[in-house]
Amino acid sequence: MQREMRKAFPFFVGYTLVCMPDFIIFHYYPVINILIASFFMLKIGLTGGIGSGKTTVAKVFESLGIPVYYADDAAKRLLNTNESLKASVITHFGEAAYHQGQLDRKYLAGIVFSNKEKLDLLNSLTHPVTIKDAEDWMDQQTTPYAIKEAALLFESGAADKLDYIIGVYAPQHIRIKRVMTRDKMSTEEVLKRISRQIDEEMKMKLCNFVIRNNDEQLVLPQVMSLHQQLLSLATEPLSAV
Ligand code: ATP
């Protein structure tokens, strides 16, 4: 729920309780409770550039019992399971995009990684489906807050549907080193990927919170402190950052 709507919620509840007949409140008490819980649950975005450590940070939140939606994994799944998305991909990239019903990732990567227009086109097909899937997933969570981890939160428009955004920051030279080690890539290949994303410093300015994963500050205390802050925000919906 976006922050402005959360602020209006107590007035809505007050009005409803005054106007609603007692028998409706009695019969639908569990349903009302679930609705209130989902209304107050904070939807948090977690973003950062390639190799910044988004997944690493997300795993720490998971270890604290916070559910995490991994947008990249979800997009890969949806490209193989969502029939209308599959049809759109075939329309724009040809029948060869799928082999025996499964996405031919090598074929598609060959097209989009050398052509920004085609990459934007693929993203424009995938993002709306992933955003909807993430919203459905968020609606099923019952924790005080839940996290959506995605590299392109701002670029895809997904940030608009979230209450707060956490940025994970690491300087470029560290990100290059990490991705080269993890994915066995050359410096040039990593730099090419970085050049396709929006500037890291600018992205961090758009975030409500920043976790520094720069080999100088420990990640765990930062996540623990933010976890406490988010729990407070989830139980005090009228607070603002
Ligand atoms: P991508 O956008 O490519 O998915 P990411 O932002 O999710 O990357 P991670 O996969 O979490 O980044 O981290 C990239 C690599 O760096 C991983 O191999 C991870 O283990 C390593 N790494 C992340 N943070 C640290 C750290 N603080 N110290 C050492 N290694 C780290």
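Everything below is about the structure shown above.
Source: prediction; values computed, not measured. Residue numbers run consecutively from 1 along every chain, following the written order of its sequence. Where local features are concerned, this predicted model is filtered to residues with pLDDT of at least 70; where side-chain atom pairs are given and counted, the filter is 80 or more; whole-chain, interface and lining totals use all residues.

Caption draft 1: Representation of the overall build of the protein within the structure. Under the DSSP-based scheme used, a helix requires at least four consecutive residues in state H or I and a strand at least two consecutive residues in state E, with every element numbered from the N terminus. When helices and strands are tallied, the protein shows 12 helices and seven strands. Residues with at least 20 other C-beta atoms within 10 Å of their own are called buried, those with 12 or fewer are called exposed, and the rest are partly exposed. The C-beta atoms themselves are positioned from the backbone. When the 241 residues of the protein are sorted by exposure, 27% land in the buried category. Contact between two residues is assigned whenever their backbone-derived C-beta positions fall within 7 Å. Pairs at least 24 apart in sequence give 77% of the contacts found in the protein among residues at least 6 apart.

Caption draft 2: Region of the structure containing the sheet that holds strand β6 (residues 164-169). Any two strands with at least two DSSP-identified bridges between them are counted as paired. The five strands are arranged β2-β5-β1-β6-β7 in an open sheet whose pairing can be described as parallel. Strand pairing shows two members of the sheet lacking a second neighbour, β2 (68-70) and β7 (209-212), which therefore form its edges. Strand after strand, the sheet turns through a mean of 25° between neighbouring axes, direction not considered. Axes, fitted as lines to C-alpha atoms, cover a helix only where it is in contact. Angles between the N-to-C directions of the axes lie from 0 to 180 degrees. Its contacts with the sheet place helix α4 (residues 54-63) against β1 (42-47), β2, β5 (145-149), β6 and β7, and it is angled at close to 160° to β5.

Caption draft 3: How the structure looks around the packing of α4 against helix α12 (residues 219-235). Remark: α4 packs on α12, axes separated minimally by 10 Å, with the N-to-C direction vectors making an angle of 55°. Classed by the angle they form, the pair α4 and α12 counts as oblique. For α4 against α12, the interelement crossing comes out right-handed. Only Val219, Leu220, Val223 and His227 of α12 make contact with α4, whose side of the interface consists of Val57, Val60 and Phe61. Angle categories: roughly parallel below 35 degrees, roughly antiparallel above 145, roughly perpendicular from 65 to 115, and oblique for all the rest. Here is the rule for handedness: rotate from the far helix to the near one, and if that takes an anticlockwise turn smaller than a right angle the crossing is left-handed, while a clockwise turn gives right-handed.

Caption draft 4: Structural detail: the pairing of β1. Counting buried residues in β1 gives six out of six residues, a clear majority hidden from the surface. Burial along β1 is two-sided: Leu42, Ile44 and Leu46 and Lys43, Gly45 and Thr47, pointing in opposite directions, are all buried. Two elements, β1 and β5, share five bridges in a ladder whose sense is parallel. Counted as the bridge partner of Ile44 is Ile147 from β5. Judged from the four bridges that link them, β1 and β6 form a sheet pairing that is parallel.

Caption draft 5: The environment of Gly53, seen in detail. Locating Gly53 in the fold gives a position in the loop between β1 and α4. Owing to 22 C-beta atoms within 10 Å, Gly53 belongs among the buried residues under this scheme. When the C-alpha atoms of Gly53 and Val168 are compared, they prove to be 6.5 Å apart, with 115 residues separating the residues in sequence. Look past the residues within four positions of Gly53 in its chain and what remains in contact with it is Gly48, Val168, Ala170 and Asn213.

Caption draft 6: The arrangement of the nonpolar core in detail. The biggest cluster of nonpolar side chains holds 41 residues, and the ones touching the most others in it are Ile44 and Ile147. At the level of secondary structure, the elements contributing two or more residues to this core comprise β1, α4, α5 (71-81), α6 (83-93), α8 (116-139), β5, β6 and α12. Top element by residues in this core is β6. It accounts for five residues. Discounting residues that sit within four places of it in the chain, Ile147 has contacts with Ile44, Leu46, Ala58, Phe61, Ile66, Val68 and Tyr69. Under the definition applied here, buried Ala, Val, Leu, Ile, Met, Phe, Trp, Tyr and Cys residues are grouped into a nonpolar core through C-beta atoms within 7 Å.

Caption draft 7: Geometry of unusual backbone geometry. With phi around 50°, Gln100 is a residue other than glycine that occupies positive phi space. Phi angles above zero are rare outside glycine, and Lys184 is one such case at about 50°. Looking at the element boundaries, Lys184 is found in the loop between α9 (172-183) and α10 (187-195). Residue classification places Lys184 among the exposed residues on the basis of 8 C-beta atoms within 10 Å.

Caption draft 8: Quick look at the pairing of β6. Of all six residues in β6, six are buried; the element is thus mostly enclosed. Here β6 shows no split at all, with Tyr164, Ile166 and Val168 on one side and Ile165, Gly167 and Tyr169 on the other all buried. In this sheet, β7 lies alongside β6 in parallel orientation, the contact comprising four bridges. When the sheet's bridge partners are listed, Tyr169 is paired in β7 with Arg212.

Caption draft 9: Examining α6 more closely. Listed as buried for α6 are Leu85, Val89 and Phe93. Along the axis of α6, the buried residues cluster in a sector spanning 45°; they form a single face. Those residues of α6 that are exposed and aimed more than 90 degrees away from the buried face are Glu83, Ser84, Ala87 and Thr91. On the buried face of α6, the contacting elements are α5, α7 (105-112) and α8. Note on α6: the residue one or two positions beyond its end, Gly94, has a positive phi of about 95°. Note that the arc is computed from the directions linking the helix axis to the C-beta atoms.

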